[in-house]
Amino acid sequence: DVVRWRDRDGDGNFEERQTLVSGFGNDNSHHRVSGMALGPDGWLYLTTGDSDAHAQGSDGSTATVLRCGGVFRCRPDGSRLEVVAFGMRNPWGNVGFDNALRIFHTDNDNEGSPGFTGCRLLHVVEAAPRLRGFPRAYLLLGSLLFVAYEWCLALSLGFADNRMQAIELSVI
């Protein structure tokens, strides 16, 4: 959970606990929320590793990222929670912004494997537009064309006589 604590009477003790965002994955303590930064746009940016996140903001808004890490954002009071980007393995720490307000972040590799390759600096690009904004016929036709393309490619590669012909077919 992302929690705000408040000392209402100034005595050094917190009297109020408010959950801003909850529902991030809990299966691996190294892959939970690891970064929190207030962006130059006034939004609160949160990062989480590759634990399933069914997150809920303080106003009931929801954002889901499954089987991968992601960057979320919400208003400072926890409202209007949304996914900014996903598909990382294990984003760690705070996001950073450059002068053009582009978002950057680090992503850890599988540190437990013998093939560890280190960390990556990522330029975080906001996730794809919401599909509900597209006409249904557009989405269906686009899906059918994509499947038809994949079938044609698979069939053409299956009929190739050698590796070079297969490469030429895959380029076409």
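Residues numbered from 1 in each chain as written. Predicted model: local features only at pLDDT ≥ 70, side-chain atom pairs only at ≥ 80, totals over all residues. Heavy atoms only, no water.

(A) Inspection of the overall build of the chain at higher detail. Helix and strand counts for the chain come out as two helices and twelve strands. Element order for the chain, N to C, with α for helix and β for strand: β-β-β-β-β-β-β-β-β-β-β-β-α-α. Burial statistics for the chain: of 172 residues in total, 29% are counted as buried. Counting contacts in the chain only where the partners sit at least 6 residues apart, residues at least 24 apart contribute 36% of the total. When the accessible surface of the chain is split by element, carbon and sulfur atoms take 56% of a total near 11,300 Å². (Helix = DSSP H or I, 4+ residues; strand = E, 2+ residues; numbered from the N terminus. Buried < 20%, exposed > 50% of the residue type's maximum accessible area, 1.4 Å probe, protein only. Contact = heavy atoms within 4.5 Å. Areas by Shrake-Rupley, 256 points an atom, 1.4 Å probe, with all protein chains shown as cover.)

(B) Summary view of the pairing of strand β7 (residues 69-74). The buried fraction of β7 is high, at six of six residues. Burial of β7 is two-sided: the residues Gly69, Val71 and Arg73 facing one way and the residues Gly70, Phe72 and Cys74 facing the other way are all buried. Direction of pairing for strand β4 (residues 44-48) relative to β7: antiparallel, over a ladder of five bridges. In the sheet register, Leu46 faces β7, and the bridge partner there is Phe72. (Pairing = 2+ DSSP bridges.)

(C) View of the packing of aromatic side chains. For the structure shown, the criterion picks out three aromatic pairs. Relative to Phe72, the ring of Phe24 lies with its centre 5.2 Å away and its plane at 85°, an arrangement referred to as edge-to-face. Of this pair, Phe24 sits in the loop between β2 (16-22) and β3 (33-38) while Phe72 sits in strand β7, and the two are 48 residues apart along the sequence. Its end group placed over the ring of Trp43, Arg73 keeps NZ or CZ at 5.2 Å from the ring centre. For Arg75, the ring lying beneath its charged end belongs to Trp43, and the centroid distance is 4.8 Å. (Phe/Tyr/Trp six-rings, centres within 6.5 Å; stacked < 30°, edge-to-face > 60°. Lys NZ or Arg CZ within 6 Å of the ring centre and 35° of its normal.)

(D) Molecular detail of a nonpolar patch on the surface. Together, Phe146, Val147, Tyr149 and Trp151 make up a nonpolar patch on the protein surface, roughly 470 Å² of accessible area in all. The class of Val147 is partly exposed, set by a relative accessible area of 36%. (Patch = residues over 30% accessible without salt bridge, like charges linked within 9 Å, V, L, I, M, F, W, Y side chains within 5 Å. Salt bridge = Lys/Arg side-chain N within 4 Å of Asp/Glu carboxyl O.)

(E) Highlighting the sheet that holds β2. Sheet architecture is open: four strands sit in the order β1-β2-β5-β6, paired in antiparallel fashion. The open sheet has two edge strands with one neighbour each: β1 (2-6) and β6 (62-65). Strand after strand, the sheet turns through a mean of 30° between neighbouring axes, direction not considered. (Axes fitted to C-alpha atoms, helices over the stretch in contact; angles between N-to-C directions.)

(F) Summary view of unusual backbone geometry. Even without glycine at this site, Arg80 takes up a positive phi of about 55°. One can find Arg80 in the loop between β7 and β8 (82-88). Given the relative accessible area of 48%, Arg80 is considered partly exposed. Its identity as a non-glycine residue notwithstanding, Leu101 has a phi of 65°, on the positive side. Among the secondary structure elements, Leu101 is positioned in the loop between β10 (96-97) and β11 (103-108). For Leu101, a relative accessible area of 51% gives the class exposed.

(G) Spotlight on the pattern of salt bridges. Here the structure, examined in full by the defined rule, presents three salt bridges. With its nearest N and O atoms 2.7 Å apart, the salt bridge here joins Arg8 to Glu16. Taking relative accessible area as the criterion, Arg8 reaches 54% and is therefore assigned exposed. Look at Glu16 and you get partly exposed, because its relative accessible area is 23%.

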